[in-house]
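Here's the letter readout for the chains.
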Amino acid sequence: MELLVTGGAGYIGSVVAAQLARAGHTVTVLDSLARGHRQAVPEGCERFVALARYGETDSPDTVELGITVSDRWQRTGIARLLIAELLRFAQWRGIRKVEGIVLPDNLPMIELAKALGFHAAHDYAQHLVVISKSLDSGQ
Ligand SMILES: CC(C)(COP(=O)(O)OP(=O)(O)OC[C@H]1O[C@@H](n2cnc3c(N)ncnc32)[C@H](O)[C@@H]1OP(=O)(O)O)[C@@H](O)C(=O)NCCC(=O)NCCS
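Residues numbered from 1 in each chain as written. Predicted model: local features only at pLDDT ≥ 70, side-chain atom pairs only at ≥ 80, totals over all residues.

What about the pairing of strand β4 (residues 62–69)?
Worth spelling out the cut-off: For two strands to pair, DSSP has to find at least two bridges joining them. Helix and strand assignments come from DSSP, with helices taken as H or I runs of at least 4 residues and strands as E runs of at least 2, each series counted from the N terminus. Look down the strands so they point away from you; if the path from the first strand over the helix to the second goes clockwise, the crossover is right-handed.
As paired strands, strand β3 (residues 50–56) and β4 are joined by seven bridges and run antiparallel to one another. Note that in β4 the partner of Ala50 across the bridge is Val69. Remark: five residues form the turn of the hairpin made by β3 and β4, two consecutive strands paired antiparallel. Sheet analysis places β4 next to strand β5 (residues 97–102), joined by three bridges and oriented parallel. Looking at β5, one finds that Glu64 is bridged to Glu99. A crossover connection joins β4 to the parallel β5 through helix α2 (residues 78–92); in handedness this β-α-β unit is right-handed.

Side note on the site of the ligand
The condition is simple: What makes a residue near a molecule or strand is its C-beta atom, placed from the backbone, lying within 6 Å of it. Three classes are used, and their members are as follows: Ala, Val, Leu, Ile, Met, Phe, Trp, Tyr, Cys and Pro are nonpolar, Asp, Glu, Lys and Arg are charged, and the others, Gly among them, are polar.
Around the ligand, 19 residues are found, and the nearest of them are Gln74, Ala79, Arg80, Pro108 and Leu112. Of all the secondary-structure elements, those providing two or more residues to the shell around the ligand are β4, α2, β5 and α3 (107–115). With six residues, the top contributor of residues to the shell around the ligand is α3. The class makeup of the residues in the shell around the ligand is 10 nonpolar, six polar and three charged.

Thoughts on the domain arrangement of the protein chain
Put simply, the rule is: Segmentation into domains, and thus their bounds, comes from an automatic or database assignment.
When the domains of the protein chain are assigned, the result is domain 1 (2–40) and domain 2 (50–134). One C-alpha centre belongs to domain 1, the other to domain 2, and the line joining them spans 30 Å.

Some details on the environment of Ala18
Keep this limit in mind: To assign burial, the other C-beta atoms lying within 10 Å of each residue's own C-beta are counted, with C-beta atoms placed from the backbone; 20 or more indicates buried, 12 or fewer indicates exposed, and intermediate counts indicate partly exposed.
Within the secondary structure, Ala18 is located in helix α1 (residues 11–22). For Ala18, a count of 19 C-beta atoms within 10 Å puts it in the partly exposed group. Each C-alpha atom of the pair Ala18 and Arg35 lies 19 Å from the other, and the pair is 17 residues apart in sequence.

A closer look at unusual backbone geometry
Not every positive phi belongs to a glycine, and Arg75 is a case in point at roughly 65°. Along the chain, Arg75 falls in the loop between β4 and α2. Here Arg75 falls in the exposed class, since 9 other C-beta atoms lie within 10 Å of it. Even without being a glycine, His127 presents a positive backbone phi close to 60°. Relative to the helices and strands, His127 resides in the loop between β6 (119–123) and β7 (128–134). Note on His127: 10 C-beta atoms within 10 Å, which makes it exposed.

Topic: the nonpolar core
As a reminder, the rule being used: Buried Ala, Val, Leu, Ile, Met, Phe, Trp, Tyr and Cys residues whose C-beta atoms connect them within 7 Å together make up a nonpolar core. With C-beta atoms placed from the backbone, a contact is any residue pair whose C-beta atoms sit within 7 Å.
One finds Tyr54, Val63, Leu65, Val69, Ala79, Ile83, Leu87, Ala90, Val98 and Leu135 forming the largest nonpolar core, which totals 10 residues. Sorting elements by how many residues they give to this core places α2 first, with four residues. Setting aside anything within four residues of it in sequence, one finds Leu65 in contact with Tyr54, Val98, Glu99 and Gly100. By size, the runner-up hydrophobic cluster in this structure holds seven residues, among which are Ala17, Val27, Val29 and Val41.

Focus: the sheet that holds β6
Spelled out, the test is: Only the contacting stretch of a helix is used when fitting its axis, a line to C-alpha atoms as for every element, and angles between N-to-C directions run 0 to 180 degrees.
Strands sit in the order β3-β4-β5-β7-β6 across an open sheet of five strands; the sheet is mixed. Edge positions in the sheet fall to β3 and β6, since each has one partner strand and no second. Shown here is a sheet whose adjacent strand axes are inclined to one another by a mean of 25°, direction ignored. In the packing of α2 onto the sheet, contacts are made with β3, β4 and β5, and the angle to β3 comes to roughly 30°.

Spelled out as structure tokens, the structure:
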């Protein structure tokens, strides 16, 4: 049977996932890793769906956004949800600006950024697009 174990990177979830996998089921673990540990996910139960994160820049109140969603899960609204959550978290941490650098032909990312209220500025000399969103006035 194909089974989804939520919280499968936590103590109870990972034990349950391991037992189900040993019993012959195909197990997928869903976990935000907010409290669980990736190492706790039993072998064969981890599927990569998406990753969103931000990294520091030279400016202390500005971060750089990174997001990727695996092909199978694209266009299901995952990136929109993850970035919205990341923006809320950044704002809570006192971050004032989120930026990203995108290739001009990356229409999905540029459209997504615009849909989330980012400003997109074309830098024709560098052949890239800088997306940015100020968090000062809320989202
Ligand atoms: C860009 C990316 C993260 C979008 O992820 P996603 O989960 O498919 O996006 P969502 O389903 O949340 O889409 C939200 C909105 O983004 C825009 N969008 C997403 N994919 C699009 C596409 N192929 N064409 C046009 N617009 C697109 C749309 O406005 C969409 O809203 P809608 O579905 O209501 O029209 C994904 O395509 C990806 O991982 N690409 C490869 C990695 C990458 O380029 N990362 C960015 C580097 S800076």
